[in-house]
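An overview of the molecular structure
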Amino acid sequence: MLFINNTHSENLLSLMRNILEAVEQLAGVVDIKNIYPAELLRKLRESKFFSVSITTEKGGLGLDIKDLVLLLYEVGKRLPALSLSLFTHLQVLEYLKNVSPQLFEKVSQEVTTKGSIMALAITEPGAGTDIKKIESKLERKNNGYLLRGIKSMVTNGLYADWFLVLCKDPNGDYATCLVPKDKGVEINAVLELSGMRGSGISRVVFDEINIDKEHIIDQGKSVLRNLFYILSLGRLFTASTSLGIAYTGIEEIFRWGTRREILGKKLIEYDNVIQAIGKFASDIEIYWIFINELARNWNSIEGGNKSYLAALIKHSSTRLAKEIIDFAMTLYGSHGYVRGTRIERIYRDVKAFEFIEGSNEALKAYVYKTMLKRFQNNLDLLTYPGGIFCQK
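Rules used in this analysis
- Residues numbered from 1 in each chain as written.
- Predicted model: local features only at pLDDT ≥ 70, side-chain atom pairs only at ≥ 80, totals over all residues.
- Heavy atoms only, no water.
- Helix = DSSP H or I, 4+ residues; strand = E, 2+ residues; numbered from the N terminus.
- Buried < 20%, exposed > 50% of the residue type's maximum accessible area, 1.4 Å probe, protein only.
- Contact = heavy atoms within 4.5 Å.
- Lys, Arg positive; Asp, Glu negative; His and termini not counted.
- Charge placed at Lys NZ, Arg CZ, Asp CG, Glu CD.
- Core = buried A, V, L, I, M, F, W, Y, C linked by side-chain atoms within 4.5 Å.
- 1 Å grid on protein atoms, 1.4 Å probe; cavity = no way out; pocket = protein on both sides within 12 Å on 5 of 7 lines; lining within 4 Å.
- Points joined across faces, edges and corners; volume = space filled by probe spheres on them.
- Nonpolar A, V, L, I, M, F, W, Y, C, P; charged D, E, K, R; others polar.
- Axes fitted to C-alpha atoms, helices over the stretch in contact; angles between N-to-C directions.
- Parallel < 35°, antiparallel > 145°, perpendicular 65-115°, else oblique.
- Salt bridge = Lys/Arg side-chain N within 4 Å of Asp/Glu carboxyl O.

Once that is clear, we can look at the overall build of the protein chain. Counting its regular elements, the protein chain contains 11 helices and 10 strands. Principal-axis analysis of the C-alpha atoms places the extent of the protein chain at approximately 80 × 55 × 45 Å. Taken over 392 residues, the protein chain has a buried fraction of 56%. Taking the intrachain contacts of the protein chain between residues at least 6 apart in sequence as the baseline, contacts between residues at least 24 apart amount to 73%. Here the protein chain contributes 50 positive and 45 negative side-chain charges, whose respective centroids are spaced 2 Å apart.

What follows is the structure in structure tokens.
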């Protein structure tokens, strides 16, 4: 089930031909060692994996969002942690492009020439979903600033050359700053998580890091608005990756079900399995159409609708992926529970997508609030029939 058509770029197809086999072959090693092997990182950099969204004129591959969701889907089928690493990196680049074009130019040149990697540093020990409790602070020092703080779960922290950090400015307002690793950033620990192993999720310490004014990207009310935009983009990317995991689950159901017999009958022939596969395949196809249309129209959709639609597809796709993997694990029974098997790896990975880019519970509450607001304003409660991709 490869969702490729003639609207996808040759650069995308060439990239996938170059990297997907290596990603699949090394997935088990990544899971065991909790790190991307040097040979994989080298291949990714040589293939311009980290400059996929940068224009060809600037040395990148120039992939649009429609291409990116397909790439993340294909990588997610093989190594979801790498998909997480890529879309986190893309979120930071998108933030810089929208908020600080000068810094974007500087950083994108490093990405295309050196394969530099971005990290997004938001979560803190006492401030997960509730970013009001952010304690990282900028303090004035001469003509610049000092950054102090600890970020508890930073994707790509182990590999990053640049960190986009959410903090408070000297006035107590939100701020974002871009911190190069060579300024003295300390990777305090690479976390040994159950899933998403290899994605370099780390505890990162910023201890009196000197920050010059040009690396203070944003301050005040616009900070959260700009962050929420890239979180919406991340939800679209999470949904695409989740469908990749869902596809792998169906593949595992067929792989096990066609060779495993119970009471003289193959598992794949039992009615409950047939019905489940029919439902799962239908949902994947429908969600993919939604994701592809959302990606194709992304730049023309009004902000509020964009956020709402991204929330819908994120929590729906991640829920579906978990349902499929749970069913596959049930069919495998104790055989699927063996450490290091493909189904066991994605069983651990899929759980993380319930809370990456906003927990599903929080997103469902957001959908409810949106519908309540529509009701109170005498509007259509559902996006249909008003139009699935409403314009402003």
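Picking up after the structure, the text goes on.
Our next topic: the nonpolar core. Membership of the largest hydrophobic core comes to 110 residues, with the highest contact counts inside it found for Tyr-36, Phe-49, Val-52, Leu-71, Phe-237 and Ile-253. Considering each element in turn, this core owes the most residues, 14 residues, to helix 6 (residues 222-257). Ignoring any residue separated from it by four or fewer positions in sequence, one finds Phe-237 in contact with Ile-65, Leu-68, Val-69, Leu-72, Phe-87 and Leu-90. In this structure, Ala-160, Cys-177, Val-179 and Ile-209 belong to the second largest nonpolar core, which totals 19 residues.

Right, let's talk about the layout of surface pockets for a bit. Considered as a void within the structure, the largest pocket measures approximately 1,300 Å³ in volume. Lining the largest pocket are 40 residues, with Leu-231, Arg-235, Phe-355, Glu-357 and Gly-358 positioned closest to its centre. Mapped onto the lining of the largest pocket, the elements with two or more residues apiece are helix 4 (80-99), helix 6, helix 8 (303-332), helix 9 (342-352) and helix 10 (360-376). When residues in the lining of the largest pocket are grouped by element, the largest group, 8 residues, is from helix 6. Its residues placed into classes, the lining of the largest pocket shows 20 nonpolar, 13 polar and 7 charged. The volume enclosed by the second largest pocket comes to roughly 410 Å³. In terms of lining, the second largest pocket is formed by 22 residues, of which the most central are Ser-53, Leu-63, Ile-65, Glu-94 and Lys-97. For the lining of the second largest pocket, the secondary structure elements donating two or more residues are helix 3 (65-78), helix 4, helix 6 and helix 7 (271-296). Residue contributions to the lining of the second largest pocket peak at 4 residues, all from helix 4. Classifying every residue of the lining of the second largest pocket by side-chain character gives 12 nonpolar, 4 polar and 6 charged.

Where helix 3 contacts helix 4, the two axes come as close as 6 Å, and the packing angle between them is 150°. With respect to their mutual orientation, helix 3 and helix 4 come out roughly antiparallel. Contacts between helix 3 and helix 4 involve Leu-68, Leu-71, Leu-72, Val-75, Gly-76 and Arg-78 on the former and, on the latter, Pro-80, Leu-82, Ser-83, Leu-86, Phe-87 and Leu-90. Here the contact of helix 3 with helix 4 is built from residues that sort into 9 nonpolar, 2 polar and 1 charged.

This structure, assessed with the given rule, holds 24 salt bridges. Note that Glu-105 and Lys-58 form a salt bridge whose closest N and O atoms lie 3.0 Å from each other. Placement of the pair is Glu-105 in helix 5 (residues 101-114) and Lys-58 in the loop between helix 2 (38-46) and helix 3, with a sequence separation of 47 residues. Between Arg-148 and Glu-139 there is a salt bridge, with its nearest N and O atoms 2.2 Å apart. Through salt bridges with shared partners, one network takes in Asp-31, Glu-192, Arg-197, Arg-339, Glu-344 and Arg-348.

Tracing the sequence through the fold places Ser-307 in helix 8. On the basis of relative accessibility, which here comes to 16%, the residue Ser-307 falls in the buried class. When sequence neighbours within four positions are dropped, the list of residues in contact with Ser-307 reads Ser-232 and Tyr-366.

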